[in-house]
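# Architecture at a glance
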Amino acid sequence: MNVVTGTGAGVLTIATGTTSAHHPPRLSRTTREPSDVYREGLKRCAQVPSVCRATSPRPSSGLTFARRRHSQSLDSPYLSRPRMKRRGAVSYDKNDAAAEYIRYLGDTLNQQRHVQTCTPLAELPANKLVSLSVPSRRHSRRGSIQNHTSQQCYKDLLKGSILQRVGAEEQARLIQELLRKADHWDFDIFAFRRVTGGRPLFHMGLHLLQQHHLISYWNLDIMKVMKFLALVESAYHPDNCYHNCTHAADVAQALHCLLMEPKLNSNITPLELLAIMIAALCHDLDHPGVNQSFLLSTSSYLASIHGQTSILEQHHCRATKAILREVGLLDHLPDQEREEIISLMEELILSTDFTRHKTFMATFEGMLVSDHSIDLSEPSVRKFVLKIAIKAADVSNPTRPLEISRTWSEHIMEEFFRQGDCERTMNLPISYMCDRYTISLPESQSGFMEFCALPLYKAWSKLCGSKLSISLCKNVVNNKTWWDQRIPKSDSEEDC
Ligand SMILES: [Zn+2]
């Protein structure tokens, strides 16, 4: 069994930053008398009974998502939502021509991809959860959320939500039960997706922000937090087999476990913690389900906007900033702190560009060879290790228990193959790993584990030296062995 538990049930201790030059302003925040604003923030947090009872606020009418025009679809959970033609993505700025480009891209991709309906990732079980739907409840005006008292607002959000339907209590109990295991590496994100009715990112995001005390520490308005999470979740494409909100929730949960490593836990600052949590939740935001090579070969507008490198990652950053601005989640913070958080969040998202993997690995392994006691109290070193952490979380599928790991393997390869199908139809060269007629799933997975996941997790284990990090390497080896046993033997091998 390659089941691994996390490092413990405790949550991260938030460093006060007394020794960190990177985060001096936070010193007074933890010690000062709560201001009225702060008290109000705490009060609002307390009014949210639990993450499990939190329903997803629907975007207000002023939000700029193109898909919001489809009000019927918007009010249904992803899985029961009738398939619609996605018209693109986040409108960054109202005056920005890029918004039109992105919408155009959405249309173009749909045409190019033969609109091949992806099997929904979160098949709801055939019980009463299937019938859950979120009927219309939208605020009539932009900013109306802020105009409510928090208690009234929360009641409004519950009105007509899944909590009023049959099974709500049972659903809440199940979600809470699963979230108790969120500190463990064998957390089943697919089960979580089912019990949340296809809303894993919203519930996981809220849980992790609460677990790390980030909402109270940063005086975040709980309503804005919920609105932010709802918007982030809805900006992921539900018809992507892999790059969807379940993957983002999975990465955030994996990162949560990795950050509990004592070496990191004792050094990370609240600013870094908030930045990396936002980065994890948003690192594939509005992913179109195709890779950079496809965007370049089809001369997409995303390529024309972002250049030739890290096209998708730049897009994820920009979309994240658009939602942060839309919600005003960090607007109450001093400019410098807000800019630091956003800047770090950007760097972390950009580091998930897999084309830069070798460079990161070379630097990381170099650091480990030259100095076995990497000084994580040094902000620049810590920033690099945080980049490694989010990269590790992003490719954590091979380190999960076999059943979960296998499911992820199938999903990512299906997404690749659909891109390949599209390229074949368009008479384009089929991208690496995207040809369903020549690529062997067992071979591709075994190769990925051997050359990408294992070296990264071995280096991580060298850094942390913990029981958990060593177990993750063992999991990769076990999963690789399972795939190796399924690699078709060549004729010559069979003859032997
Ligand atoms: Zn990812």
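The chain carries the name Phosphodiesterase in an unreviewed UniProt entry, which gives Geodia barretti as its organism. If you open the UniProt record of the chain and go to Sequence similarities (unreviewed entry), you find "Belongs to the cyclic nucleotide phosphodiesterase family."

### A look at the packing of helix 20 (residues 379-394) against helix 22 (residues 441-464)
In the contact formed by helix 20 and helix 22, the axes pass within 11 Å of each other and the chain directions differ by 135°. In terms of their interaxial angle, helix 20 and helix 22 are classed as oblique. The handedness of the crossing between helix 20 and helix 22 comes out as left-handed. Each of Ile388, Lys391 and Ala392 in helix 20 lies in contact with helix 22, whose residues at this interface are Leu456, Tyr457 and Trp460. Class assignment of the residues belonging to the contact of helix 20 with helix 22 gives a composition of five nonpolar, no polar and one charged.

### As for the packing of helix 22 against helix 23 (residues 467-484)
Two packed helices can be described by the angle between their axes and the distance between those axes. Axis separation between helix 22 and helix 23 bottoms out at 9 Å; the angle between their running directions is 170°. By the angle between their directions, the pair helix 22 and helix 23 is classed as roughly antiparallel. Pair helix 22 / helix 23 crosses with left-handed handedness. Taking contact as the criterion, the partners of Pro442, Gln445, Ser446, Met449, Glu450, Ala453, Leu454, Tyr457, Lys458, Trp460, Ser461 and Cys464 in helix 22 are, on helix 23, Ser469, Ile470, Leu472, Cys473, Val476, Asn479, Lys480, Trp483 and Asp484. Class assignment for the residues of the contact of helix 22 with helix 23 results in twelve nonpolar, five polar and four charged.

### Here we look at helix 18 (residues 335-350)
Taking 1.5 Å per residue as the helical rise, helix 18 with its 16 residues ought to reach 22 Å, and the 22 Å between its terminal C-alpha atoms agrees with that figure. All of the buried residues in helix 18 are Ile341, Leu344, Met345, Leu348 and Ile349. One face of helix 18 carries all of its buried residues, which in axial projection span an arc of 135°. The exposed residues of helix 18 that point more than 90 degrees off its buried face are Asp335, Gln336, Glu339 and Ser343. Those residues of helix 18 hidden inside the fold are in contact with helix 14 (270-282), helix 17 (311-327) and helix 20.

### Topic: the UniProt feature "active site" (unreviewed entry) in the chain
The feature "active site" (unreviewed entry), as given by UniProt, occupies His243 in the numbering adopted here. With respect to the helices, strands and loops of the structure, His243 is situated in the loop between helix 11 (222-235) and helix 12 (245-259). Those residues within four positions of His243 in sequence are excluded, and the remaining contacts are Asp284, His287, Gly289 and Glu415.

### So, the environment of Ile388
Mapped onto the elements, Ile388 comes out in helix 20. Look at Ile388 and you get buried, because 20 C-beta atoms sit within 10 Å. Separated by 28 residues in sequence, Ile388 and Phe360 place their C-alpha atoms 7.6 Å apart. Ignoring anything within four residues of it in the chain, the contact list for Ile388 reads Phe360, Phe364 and Trp460.

Conventions adopted
- Residues numbered from 1 in each chain as written.
- Predicted model: local features only at pLDDT ≥ 70, side-chain atom pairs only at ≥ 80, totals over all residues.
- UniProt positions renumbered as here; feature names shortened; annotations may be inferred.
- Axes fitted to C-alpha atoms, helices over the stretch in contact; angles between N-to-C directions.
- Helix = DSSP H or I, 4+ residues; strand = E, 2+ residues; numbered from the N terminus.
- Parallel < 35°, antiparallel > 145°, perpendicular 65-115°, else oblique.
- Left-handed = near helix turned anticlockwise from the far one by under 90°.
- Contact = placed C-beta atoms within 7 Å.
- Nonpolar A, V, L, I, M, F, W, Y, C, P; charged D, E, K, R; others polar.
- Expected span 1.5 Å × (residues − 1).
- Buried ≥ 20, exposed ≤ 12 C-beta atoms within 10 Å, placed from the backbone.
- Arc of directions from axis to C-beta.

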